[in-house]
Amino acid sequence: MSEQENPSVNGAAPADVEANVEADVEWARYTGAARTLVLLNSLLALVLELAMFGFVVWWILTLDLPLLARIPIAIAAFGAFATLWGLLVSPKARYPLPTAGTVAFKLTAYGVSALALWGVGYPFAALAFAVLAAANTAVVTYVRTRAA
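Right, let's walk through the structure included here. (Residues numbered from 1 in each chain as written. Predicted model: local features only at pLDDT ≥ 70, side-chain atom pairs only at ≥ 80, totals over all residues. Heavy atoms only, no water.)

1. Things to note about the overall build of the protein chain
So the rule is basically this: Labels follow the DSSP assignment, with helices taken as runs of H or I lasting at least four residues and strands as runs of E lasting at least two, numbered in each case from the N terminus. In this scheme, a residue with accessible area under 20% of its type's maximum is buried, one over 50% is exposed, and one in between is partly exposed, where area comes from a 1.4 Å probe on protein chains only. Contacts between residues were defined by any pair of non-hydrogen atoms, one from each residue, lying within 4.5 Å.
A count of helical and extended segments in the protein chain gives five helices and zero strands. For the protein chain, the succession of helices and strands along the chain, N to C, is α-α-α-α-α. Going through the 148 residues of the protein chain one by one, you find that 26% of them count as buried. For the protein chain, contacts bridging at least 24 residues in sequence account for 53% of all contacts bridging at least 6.

Shown next as structure tokens:
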């Protein structure tokens, strides 16, 4: 039977699959300009998270240690940081923290990253990153808890 004759995909009609995907994303509950702003804030959150990991690794790589010590430390720190983030506070976390725990974890992680950026010699960029990350966390938290 061809795809046109059988509209089901894994037992669900294509419209049902699309509805489930739409329900999983936070911006799907909004329309117009609000939807665009929530989507852009989610994209900003992704950029901030990637920068957060990068700042910590960058700082570790600038430590006064032999290169053969810095590289495995940086890899281990990145792995631990990314694993904790994914398990505890990502949108599809396996062990999601309550809202207050998520906010505290994110602000601590962003704070550590801002300190790492400060440590490599960019204090104003670190302050800007910390303010932007805090504002983004506030908006993401509001959007996610508003519909819940």
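Past the structure itself, the notes keep going.
2. Details of the nonpolar core
General note: in soluble globular proteins, nonpolar side chains tend to be found buried as a group. This is how it is decided: Note on terminology: a nonpolar core comprises buried Ala, Val, Leu, Ile, Met, Phe, Trp, Tyr and Cys residues joined through side-chain atoms within 4.5 Å.
Counting residues in hydrophobic clusters, the biggest one holds 21 residues, and the most contacted among them are Met52, Phe81, Trp85, Tyr110, Leu117 and Phe129. Breaking this core down by element, the ones donating at least two residues are α2 (32–61), α3 (67–88), α4 (99–119) and α5 (123–147). In terms of residue count, the dominant contributor to this core is α2 (seven residues). Beyond its immediate stretch of four places on either side in the chain, Tyr110 contacts Ala45, Leu48, Glu49, Met52, Trp85, Phe129, Ala133 and Thr137.

3. Structural notes on the packing of aromatic side chains
To keep it simple, the criterion reads: Each Phe, Tyr or Trp ring (for Trp, its six-membered ring) is paired with any other whose centre lies within 6.5 Å, and the angle between the two planes then decides the class: stacked below 30 degrees, edge-to-face above 60, tilted in between.
With the rule as written, the count across this model stands at eight aromatic pairs. Seen from their ring centres, Phe53 and Phe81 are 5.5 Å apart, and the 85 degrees between their planes marks the pair as edge-to-face. Here Phe81 lies in helix α3 and Phe53 lies in helix α2, a separation of 28 residues in the sequence. Across the pair, Phe81 and Phe53 agree in class, each one buried.

4. Remarks on the side chain of Thr102
The residue Thr102 is located in helix α4 in this model. Since its relative accessible area comes to 16%, Thr102 is described here as buried. Residues within four places of Thr102 in sequence aside, it is in contact with Leu88, Val89 and Leu97.

5. Section: the packing of α3 against α4
Where we set the bar: Whenever a helix is involved, its axis is fitted only over the stretch in contact; in every case the axis is a line through C-alpha atoms, and angles between N-to-C directions fall within 0 to 180 degrees. Any angle between 65 and 115 degrees counts as roughly perpendicular, while under 35 counts as roughly parallel, over 145 as roughly antiparallel, and the rest as oblique. When the near helix sits turned anticlockwise from the far one by under a right angle, the crossing is termed left-handed; a clockwise turn instead gives a right-handed crossing.
Relative orientation of the contacting elements α3 and α4 amounts to 160 degrees, with a least axis distance of 11 Å. Of the possible angle classes, the one that applies to α3 and α4 is roughly antiparallel. Note on packing geometry: the crossing formed by α3 with α4 is left-handed. Contacts from Phe81, Leu84, Trp85 and Leu88 in α3 reach Thr102, Phe105, Lys106, Ala109, Tyr110 and Ser113 in α4.

6. Details of the side chain of Arg70
Note the following rule: For this analysis, a polar contact is any N or O atom pair within 3.5 Å, provided that within protein one partner can donate a hydrogen and the other can accept it, and provided that sequence-adjacent residues contribute only side-chain to side-chain pairs.
Mapped onto the secondary structure, Arg70 falls in helix α3. Here Leu65 takes part through its backbone oxygen, which lies 2.9 Å from a polar atom of the side chain of Arg70. When residues no more than four places from it in sequence are discounted, the contact partners of Arg70 are Ile60, Leu61, Thr62, Leu63 and Leu65.

7. Concerning a nonpolar patch on the surface
Inclusion rule: Within this analysis, patches are made of residues with over 30% relative accessible area and no salt bridge. Like charges are joined at 9 Å or less; nonpolar side chains (Val, Leu, Ile, Met, Phe, Trp, Tyr) at 5 Å or less. Residue exposure ignores everything except the shown protein chains as possible cover, and the areas themselves are Shrake-Rupley values with a 1.4 Å probe. By convention in these notes, a salt bridge is any Lys or Arg side-chain nitrogen within 4 Å of a carboxyl oxygen on Asp or Glu.
On the surface, Leu37, Leu39, Leu40 and Leu43 cluster together to form a nonpolar patch covering roughly 360 Å² of accessible area. Turning to its location among the elements, Leu39 is positioned in helix α2. According to the relative accessible area criterion, Leu39 is partly exposed, its value standing at 32%.

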